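As a plain string of letters, each chain reads:
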Amino acid sequence: MDTESPGFGGAEAEARTLDAADPGHRHLFLVPPAEGGRYPEVAYLAGNSLGLQPRATREELLADLDAWRRLGVEGHLEAERPWLPYHEVLTAPAARLVGARPAETVVMNSLTVNLHLLMVSFYRPAGERTRIVIEDTAFPSDSYAVRSQARFHGLDPDTAVVRLRPRPGEDTLRTQDVLDFLAAEGHTVALLLLGGVNYLTGELMDIPAITAAGRAAGALVGWDLAHAAGNVPLALHDWDVDFAAWCSYKYLNSGPGALGGVFVHERHLGDPALPRFEGWWSTDATTRFEMTPVSRPPATVEAWQISNPPIFAMGPVRTSLELFDSVGMPALRERSLRLTGYLERLLDEVTTDRPLTVVTPRDPARRGCQLSVRIGGGSANELTKRLRHEHGVIADAREPDIVRFAPVPLYSTYHDCWRVADALAATVEATR
Ligand SMILES: Cc1ncc(COP(=O)(O)O)c(C=O)c1O
């Protein structure tokens, strides 16, 4: 199947050699067939958008369906993993993944719903401290969420929401600029809510330094970890983060629209002064069925839960978290650094004489696995279509001009990275 590309000389053979030495865990995943190009499977670089399906997920889902068939309502207590406390099965592995204590972590709802529930507690504008700070390239959904929170509190979102911009001519935020902003204007900030890894540029923020500066300025500090969970090691408890939320459909491979996770630092747990929205699952499990009209929330993050857990959505998260537990984030990060470093080296070759620029920080400590490429004078959508249909390379476009490539350490290969570079070389015309 391999044929040497004129653009890359012996690089394809090198990619195969690297794969043999550093194979990852691709065998545990189902890789879609390619619709174009020379290889039977796609080169899947879109795990930052939707992770691939673990082989184990189907069987686990079928087992849950079977328990429902066999047990009906009795499954709440008698299923192999009883449904009433099913979320508890996910707590310890989710806590390990993000560096939290079990009482600080719960899997529930989806990401933006969770951000809203957390902002009910942690965005409480008062006096001159009314502002919410996000990054200018925050995911639009986060922007909508914080603007609607400002409006909910009777504030003008155009003044209540501050968007931190990179310096002119730069693509990513400098930590020092965030710290300088907080030093100058922190007294007006009620909440700092940033992406741990920026969805567009792939920049990994200095979460501990920014959290410390935000808290020192008297603000609450929350993180959207959609692109960080399962991508980079996290230590949310030790970093003193106030709260965080993430999704499980990207690096956690739990399926489209999968459940999200939530972290609330233990210093906030059991605080009766914190406003929270409540439902059945916000009350202490031991007295839940006493059917009393007033809840008794536990002194854990489970107090933020509202509804009973959706079992068929929880199974895929459990399967995924077991995988992360068995491989471990440190090993994944090591492989991630090797894979992304390799892709970067190949992209350096392709981009020198093409209108393509890698906008992700070059320092591996300032990024996860994703590399984002800006297309000069072209459309990101058009390019990703060609990569897919002509080369079987699946990447993801963010209009107008960014294409994102994420070699995911669990299942991506060096050969996938080589296919990206080879396909770009064939698709984007060289300028000299
Ligand atoms: C950084 C970030 N925040 C928020 C969202 C929205 O998540 P959801 O639709 O699951 O609420 C996404 C989705 O991709 C995202 O990448």
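This report concerns the structure included in the present document. Since this is a predicted model, take the numbers as computed values, not measurements. (Residues numbered from 1 in each chain as written. Predicted model: local features only at pLDDT ≥ 70, side-chain atom pairs only at ≥ 80, totals over all residues. Heavy atoms only, no water.)

## What about unusual backbone geometry?
A negative phi angle characterises most non-glycine residues, just as the trans form characterises most peptide bonds.
Next up, step 1: Following Glu-399, the chain continues to Pro-400 via a peptide bond in cis, the omega torsion being 5°.
Next up, step 2: By the element assignment, Pro-400 lies in the loop between strand E14 (396-398) and strand E15 (402-405).
Next up, step 3: Of note, Asn-253 is a non-glycine position whose phi angle comes to about 50°, a positive value.
Next up, step 4: Turning to its location among the elements, Asn-253 is positioned in the loop between strand E9 (243-246) and strand E10 (260-264). (Helix = DSSP H or I, 4+ residues; strand = E, 2+ residues; numbered from the N terminus.)

## Focus: the environment of Phe-324
Next up, step 1: Structurally, the position occupied by Phe-324 is in helix H10 (residues 311-327).
Next up, step 2: Remark: the alpha-carbon pair of Phe-324 and Pro-93, spanning 231 residues in sequence, is separated by 8.1 Å.

## Side note on the site of the ligand
Next up, step 1: Taken together, Leu-111, Thr-112, Phe-139, Ser-141, Asp-142, Asp-224, Ala-226, His-227, Tyr-249 and Lys-250 make up all the residues around the ligand.
Next up, step 2: Note that a nitrogen atom of the ligand is positioned 3.3 Å from one of the side-chain N or O atoms of Asp-142.
Next up, step 3: The contact in question runs from an oxygen atom of the ligand to an N or O atom on the side chain of Tyr-249, over 2.6 Å.
Next up, step 4: Protein chains bury 82% of the 400 Å² of accessible surface belonging to the ligand in isolation.
Next up, step 5: Counted by class, the shell around the ligand contains 4 nonpolar, 3 polar and 3 charged residues. (Near = heavy atom within 4 Å. Polar contact = N/O pair within 3.5 Å; in protein donor to acceptor, adjacent residues only side chain to side chain. Areas by Shrake-Rupley, 256 points an atom, 1.4 Å probe, with all protein chains shown as cover. Nonpolar A, V, L, I, M, F, W, Y, C, P; charged D, E, K, R; others polar.)

## Notes on helix H5 (residues 111-122)
Next up, step 1: Helix length check: H5 (12 residues) gives 16 Å between terminal C-alpha atoms against 16 Å at 1.5 Å per residue, within 8%.
Next up, step 2: Burial runs high along H5: 9 of the 12 residues are buried.
Next up, step 3: Within the span of H5, buried status applies to Leu-111, Asn-114, Leu-115, Leu-117, Leu-118, Met-119, Val-120, Ser-121 and Phe-122.
Next up, step 4: Here the buried face of H5 lies against strand E4 (105-108), helix H6 (140-152), strand E7 (189-195), strand E8 (220-224), E9 and E10. (Expected span 1.5 Å × (residues − 1). Buried < 20%, exposed > 50% of the residue type's maximum accessible area, 1.4 Å probe, protein only. Contact = heavy atoms within 4.5 Å.)

## What to know about empty space enclosed by the protein
Next up, step 1: Applying the stated rule across the entire model yields 2 cavities of 30 Å³ or more.
Next up, step 2: Considered as a void within the structure, the largest cavity measures approximately 70 Å³ in volume.
Next up, step 3: For the lining of the largest cavity, the residue count by class is 4 nonpolar, 4 polar and 4 charged.
Next up, step 4: Estimated volume of the second largest cavity: approximately 30 Å³.
Next up, step 5: Every residue lining the second largest cavity is listed: Gly-230, Tyr-251, Phe-324, Leu-332, Val-408, Pro-409 and Leu-410.
Next up, step 6: Class assignment of the residues belonging to the lining of the second largest cavity gives a composition of 6 nonpolar, 1 polar and no charged. (1 Å grid on protein atoms, 1.4 Å probe; cavity = no way out; pocket = protein on both sides within 12 Å on 5 of 7 lines; lining within 4 Å. Points joined across faces, edges and corners; volume = space filled by probe spheres on them.)

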